Amino acid sequence: MSEVWKVAAGIAGGLLLLWLALAVFLVTARPRGGALGEALRLLPDLLRLVAGLARDDSLPRGVRVRLWLLLGYLAMPIDLIPDFVPVLGYADDAIIVAFVLRSVIRRAGPDALAGHWPGTPEGLAVVRRLVGGPR
């Protein structure tokens, strides 16, 4: 029976270390400047953008898979960092959206972003700054 507890403790410790590593990654990978706060205000438009890009058959399959996985993560009630943690609780979703969109834009191009953007031109400029693309 003690072997079972050792294995369970090892798995729990490994999961805790993985969670801590992901939290550190999210803190270090967050966009600089005020783009993250602005992205939180643009979240409805960002969700429509991601859904529109995920349904676009002209984009490569790998890009669409990333976007569907992102939508699945955003729909999950459990986050990497719980929402009750100040600042990072809600920001982790915006950071992950920025990270995925950055990889999507590098592969699909900035025209795909502009073609599916449902919001204002100012909002598009914020998103482009968030993903590190041209304004």
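You'll find the structure just up there.
Residues numbered from 1 in each chain as written. Predicted model: local features only at pLDDT ≥ 70, side-chain atom pairs only at ≥ 80, totals over all residues. Heavy atoms only, no water.

Moving on, we get to the overall build of the chain. For the chain, the count of helices and strands is seven helices and zero strands. Starting at the N terminus and walking to the C terminus, you meet the elements of the chain as α-α-α-α-α-α-α. A sequence separation of at least 24 residues applies to 60% of the contacts in the chain between residues at least 6 apart. Per element, the accessible surface of the chain, about 8100 Å² overall, is 68% carbon and sulfur. (Helix = DSSP H or I, 4+ residues; strand = E, 2+ residues; numbered from the N terminus. Contact = heavy atoms within 4.5 Å. Areas by Shrake-Rupley, 256 points an atom, 1.4 Å probe, with all protein chains shown as cover.)

Examined against the element boundaries, Asp 45 turns out to sit in helix H3 (residues 43–55). With residues near it in sequence (within four places) discarded, Asp 45 still touches Trp 117, Pro 118 and Gly 119.

Attention now goes to the pattern of salt bridges. Pairs can form between side chains of opposite charge whenever their charged atoms are close. Overall, the coordinates contain two salt bridges when judged by the stated rule. With a shortest N-O distance of 3.9 Å, Glu 3 and Lys 6 are connected by a salt bridge. Pair noted here: Glu 3 and Lys 6 are both in helix H1 (residues 2–29), with a separation of three residues, about one helical turn. Note on accessibility: Glu 3 and Lys 6 belong to one class, exposed. Between Asp 45 and Arg 48 there is a salt bridge, with the nearest N and O atoms lying 2.1 Å from each other. Of this pair, Asp 45 and Arg 48 both sit in helix H3, separated by three residues, roughly a single helical turn. For Arg 48, a relative accessible area of 47% translates into the label partly exposed. (Salt bridge = Lys/Arg side-chain N within 4 Å of Asp/Glu carboxyl O. Buried < 20%, exposed > 50% of the residue type's maximum accessible area, 1.4 Å probe, protein only.)

Right, let's get into helix H4 (residues 61–75). Residues separated by three or four positions in an α-helix point in the same direction, a consequence of the helix having 3.6 residues per turn. Between its first and last C-alpha, H4 extends 21 Å over 15 residues, near the 21 Å set by a 1.5 Å rise per residue. Turning to H4, its buried residues are Val 63, Arg 64, Leu 67, Leu 70, Leu 71 and Tyr 73. (Expected span 1.5 Å × (residues − 1).)

A few words on the packing of H3 against H4. Running from N to C, H3 and H4 point in directions that differ by 140 degrees, and their axes come no closer than 8 Å. Regarding the angle of H3 to H4, the classification is oblique. Here H3 and H4 pass one another in a crossing that is left-handed. On the side of H3, the interface is formed by Leu 47, Val 50, Ala 51, Leu 53, Ala 54 and Arg 55, while H4 contributes Arg 64, Leu 67, Trp 68, Leu 70, Leu 71 and Leu 74. Its residues placed into classes, the contact of H3 with H4 shows ten nonpolar, no polar and two charged. (Axes fitted to C-alpha atoms, helices over the stretch in contact; angles between N-to-C directions. Parallel < 35°, antiparallel > 145°, perpendicular 65-115°, else oblique. Left-handed = near helix turned anticlockwise from the far one by under 90°. Nonpolar A, V, L, I, M, F, W, Y, C, P; charged D, E, K, R; others polar.)

What follows covers the side chain of Asp 56. Mapping Asp 56 onto the fold places it in the loop between H3 and H4. Although Asp 56 is buried, it makes no salt bridge; Arg 64 carries the closest opposite charge, 6.9 Å away. In terms of polar contacts, Asp 56 uses its side chain to reach the side chain of His 116, at 2.8 Å. If we skip the residues at most four places from it in the chain, Asp 56 touches Arg 64 and His 116. (Lys, Arg positive; Asp, Glu negative; His and termini not counted. Polar contact = N/O pair within 3.5 Å; in protein donor to acceptor, adjacent residues only side chain to side chain.)

We now examine the environment of Ala 98. Locating Ala 98 in the fold gives a position in helix H5 (residues 88–108). Counting along the chain gives 32 residues from Ala 98 to Leu 130, while the straight-line C-alpha distance between them is 6.3 Å.

Purely spatial values, then, with no claim about function.
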